[in-house]
Amino acid sequence: IIDSQNEVQKYESKLVFTLDFSNNKIFHKDDNEDLEYEYDNLSNEEIKKIFLNNGFEEITNNTLMKETNNYKIIYNVKGNVNKISYTSKNSPLKYQYSFNLNVSILEVHIYDKNNLEIENYEYDAKTEKITKCITGSCNNYEEAMATLNKNVLNLLKK
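Residues numbered from 1 in each chain as written. Predicted model: local features only at pLDDT ≥ 70, side-chain atom pairs only at ≥ 80, totals over all residues. Heavy atoms only, no water.

Re the state of the cysteines
Here is step 1 of the chain: One pass over the structure, following the stated rule, counts one disulfide.
Here is step 2 of the chain: Covalent S-S linkage joins Cys-133 and Cys-138, the inter-sulfur distance amounting to 2.0 Å. Negative torsions about the S-S bond denote left-handed disulfides, and the value of about 80° found for Cys-133 with Cys-138 makes this one right-handed. (Disulfide = S-S within 2.5 Å.)

Observations regarding the sheet that holds strand β4 (residues 63-67)
Here is step 1 of the chain: Sheet architecture is open: eight strands sit in the order β3-β4-β5-β6-β7-β8-β9-β10, paired in antiparallel fashion. The outermost strands of the open sheet, each flanked by one partner alone, are β3 (57-60) and β10 (129-135). For this sheet, the mean angle separating the axes of adjacent strands, direction not counted, is 15°.
Here is step 2 of the chain: When strand β7 (residues 94-100) meets strand β8 (residues 105-111), the two strands line up antiparallel, connected through seven bridges. In the strand pairing of β8, Ser-98 is matched with Glu-107.
Here is step 3 of the chain: Contacting β3, β4, β5 (71-78) and β6 (81-88), helix α1 (residues 44-52) runs over the sheet at an angle of about 160° to β5. (Pairing = 2+ DSSP bridges. Helix = DSSP H or I, 4+ residues; strand = E, 2+ residues; numbered from the N terminus. Axes fitted to C-alpha atoms, helices over the stretch in contact; angles between N-to-C directions. Contact = heavy atoms within 4.5 Å.)

Describing the packing of aromatic side chains
Here is step 1 of the chain: The full count for this structure, using the stated rule, is six aromatic pairs.
Here is step 2 of the chain: With a centroid separation of 5.5 Å and 15° between ring planes, the pair formed by Tyr-86 and Tyr-97 is classed as stacked. Of this pair, Tyr-86 sits in strand β6 while Tyr-97 sits in strand β7, placing them eleven residues apart in sequence. With respect to burial, Tyr-86 and Tyr-97 carry one shared label: buried.
Here is step 3 of the chain: For the ring pair Tyr-123 and Tyr-141, a centre distance of 4.3 Å and an interplane angle of 15° mean the geometry is stacked. Here the residue Tyr-123 occupies a position in strand β9 (residues 117-124), and Tyr-141 occupies one in helix α2 (residues 141-151), the gap between them amounting to 18 residues.
Here is step 4 of the chain: Owing to a relative accessible area of 3%, Tyr-123 belongs among the buried residues under this scheme.
Here is step 5 of the chain: Exposure remark for Tyr-141: the relative accessible area of 22% places this residue in the partly exposed category.
Here is step 6 of the chain: An aromatic cluster of at least three residues, connected via ring pairs, comprises Tyr-71, Tyr-86, Tyr-95 and Tyr-97. (Phe/Tyr/Trp six-rings, centres within 6.5 Å; stacked < 30°, edge-to-face > 60°. Buried < 20%, exposed > 50% of the residue type's maximum accessible area, 1.4 Å probe, protein only.)

All we've got here are geometric facts, nothing functional implied.
Encoded structure:
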């Protein structure tokens, strides 16, 4: 800091950090948008209502879908599993992401133009770690989560 006599003054201070918990809720922080998304505090009916109000169509009682020129998103409830599936369209590579809202597990499948699988892995959004790597380098989970956040999970933001 420069004082009134144009002299540089140096100050030192100790920083103290505290760990803060929030009612055992599952959050995912999107660094690009600085938002938190809450998944486990919404019922199936609340999620369906949010999606229906944002351009999703009800295909069956347990399945909603939204389709554009670039992607298709399906929200499906089977028993106790709430899943969001994202499939890209009109790109050289085919991206298929499946996100289990109940346990925050992302499954990633990427195919080349010949429909050969070049990536296949699972990512745990809670621990932010790859839990299973079957094919490929298994390192584009940030892009996958950003795509899901931008196109669907942002609707569930806190």
